[in-house]
Amino acid sequence: MSATTAPTAGLARDEGVALRVYRWVKGNPWLPLTIAPTVIAVLATLLWQAITSDTLNTFEAQALDPQLIIRQLREHIGLTVYSTAIVIAVAVPLGILLTRPSARKIAEPVLSIASGGQAIPAYGLLVIFLLLMGRGFATSVYALAIYSILPVLRNTMIGLQQVDRPTIEAARGMGLTRMQVLRKIELPLSVPIILAGVRTALIINVGTAALATFIGGGGLGETINTGLKLSQNFILFAGSGLTALLALTVDWLAAVVERVASPKGLR
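Values in this document were obtained by computation on a predicted structure and should not be read as measured data.

About the thresholds
- Residues numbered from 1 in each chain as written.
- Predicted model: local features only at pLDDT ≥ 70, side-chain atom pairs only at ≥ 80, totals over all residues.
- Heavy atoms only, no water.
- Helix = DSSP H or I, 4+ residues; strand = E, 2+ residues; numbered from the N terminus.
- Polar contact = N/O pair within 3.5 Å; in protein donor to acceptor, adjacent residues only side chain to side chain.
- Contact = heavy atoms within 4.5 Å.
- Patch = residues over 30% accessible without salt bridge, like charges linked within 9 Å, V, L, I, M, F, W, Y side chains within 5 Å.
- Areas by Shrake-Rupley, 256 points an atom, 1.4 Å probe, with all protein chains shown as cover.
- Salt bridge = Lys/Arg side-chain N within 4 Å of Asp/Glu carboxyl O.
- Lys, Arg positive; Asp, Glu negative; His and termini not counted.
- Charge placed at Lys NZ, Arg CZ, Asp CG, Glu CD.
- Buried < 20%, exposed > 50% of the residue type's maximum accessible area, 1.4 Å probe, protein only.
- Axes fitted to C-alpha atoms, helices over the stretch in contact; angles between N-to-C directions.
- Parallel < 35°, antiparallel > 145°, perpendicular 65-115°, else oblique.
- Left-handed = near helix turned anticlockwise from the far one by under 90°.
- Phe/Tyr/Trp six-rings, centres within 6.5 Å; stacked < 30°, edge-to-face > 60°.

Colleague: Looking at this structure, how should I read the side chain of Ser83?
Modeller: By the secondary structure assignment, Ser83 is in helix H4 (residues 66-98). There is a polar contact of 3.2 Å between the side chain of Ser83 and the side chain of Asn205. Leave out the neighbours within four places in its chain, and Ser83 touches Val141, Leu144, Ala145 and Asn205.

Colleague: What is the right way to read a positive patch on the surface from this model?
Modeller: Together, Arg104, Arg165, Arg172 and Arg178 give the surface a local cluster of positive charge. In this fold, Arg165 is placed in helix H9 (residues 165-173). Since its relative accessible area comes to 45%, Arg165 is described here as partly exposed.

Colleague: What am I meant to see in the pattern of salt bridges here?
Modeller: Pairing is possible between side chains that carry opposite charge, provided their charged atoms lie close to one another. As enumerated under the stated definition, the model contains five salt bridges in all. As a salt-bridge pair, Arg71 and Glu222 come within 3.2 Å of each other at their nearest N and O atoms. With Arg71 in helix H4 and Glu222 in helix H11 (residues 221-230), this residue pair connects regions lying 151 residues apart in the sequence. By relative accessible area, which is 33% here, Arg71 ends up partly exposed. Take Glu222: its relative accessible area is 22%, and that puts it in the partly exposed class. Arg199 is paired through a salt bridge with Glu258; the nearest N and O atoms lie 3.3 Å apart. Note that Arg199 is positioned in helix H10 (residues 178-208) and Glu258 in helix H12 (residues 233-261), a separation of 59 residues in sequence. The exposure class of Glu258 is buried, given its relative accessible area of 18%. A single salt-bridge network, built from bridges that share partners, covers Arg71, Glu75 and Glu222.

Colleague: Whenever I open this one, the packing of helix H6 (residues 122-133) against helix H7 (residues 137-147) confuses me. Can you help?
Modeller: A pair of packed helices is captured by two measures, namely the crossing angle of their axes and the spacing between those axes. Running from N to C, H6 and H7 cross one another at 135 degrees; their axes reach a closest spacing of 9 Å. Of the possible angle classes, the one that applies to H6 and H7 is oblique. Regarding H6 and H7, the two cross each other, and that crossing is right-handed. Taken together, the residues of H7 that come into contact with H6 (itself represented by Ala122, Leu125, Leu126, Phe129, Leu130 and Met133) are Thr139, Tyr142, Ala143, Ile146 and Tyr147.

Colleague: In this structure, what is going on with the environment of Leu253? I would like to understand it.
Modeller: Along the polypeptide, Leu253 turns up in helix H12. Relative accessible area serves as the criterion here: at 44%, Leu253 is assigned to the partly exposed category. Counting along the chain gives 54 residues from Leu253 to Arg199, while the straight-line C-alpha distance between them is 9.1 Å.

Colleague: Would you mind going over the environment of Val181 with me for this structure?
Modeller: By the element assignment, Val181 lies in helix H10. Judged by its relative accessible area of 1%, Val181 falls in the buried class. In the structure, Val181 is positioned ten residues away from Ala171 in sequence and 6.6 Å away in space, judged by C-alpha atoms. Those residues in contact with Val181 that lie beyond four places of it in its chain are Ile168, Ala171, Arg172, Leu176 and Glu186.

Colleague: I would appreciate a short explanation of the packing of aromatic side chains in the present structure.
Modeller: Pairs of aromatic rings are described using the distance from one ring centre to the other and the angle between the two planes. This model, assessed by the stated rule, comprises three aromatic pairs. Ring plane angle 85 degrees and centroid distance 6.1 Å describe the contact between Tyr82 and Phe137, whose orientation is recorded as edge-to-face. You can see Tyr82 sitting in helix H4 and its partner Phe137 sitting in helix H7, a full 55 residues away along the chain. Taking relative accessible area as the criterion, Phe137 reaches 30% and is therefore assigned partly exposed.

Take a look at the structure:
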């Protein structure tokens, strides 16, 4: 009897500890979002110390000059922010329009066109915009916006379509206009899904912006390209590491905004 109950008691204790940990984590929804910035800060500090080290060779010291890196970082952030702002300004209103009864017939063709942006390889899309608009920062921004429009457009449509019809009909029965239903019911309930699409677009733009250097857009891709041209692995690692840390930071900020902006009942 004792041989049987001992393992059972130990298993119950393990389950009790796991349950308490689960409840504690569930009761602290901000806990996962407090771990990420700590890890990012530690990795960024270690990488920055390596970049500013006195042991760098001549090529590394020139390519990883702190002022140069800061300028590239600003350009990279600018490419990401401006392109994502264009995506939001275009995709969200378009997604709302395509979910209205009068425009549902053209929803599939429009989605097919939007899918074409990601069907084309990123570098190929940048080259097309280079031929159409010439080299420069603005060209890169527009190319990135086209490349990342699909997640926001599709998520906006999915978010609005998943709102229960009985809820909308009840609101209409209470005397709300279509615009009031959209503003007070449909959009608030769709916010988490829409923001998830924006978060995806941000990460896509951070990664793709590294290619903007080939059409004069600047960014951290300059450092990566320098490392490739000079066959300097540390320069290549530093540029890639900075891009990865920027993507992690942007993803964390988007997650915070997503949690704050979502209705309380949907968090």
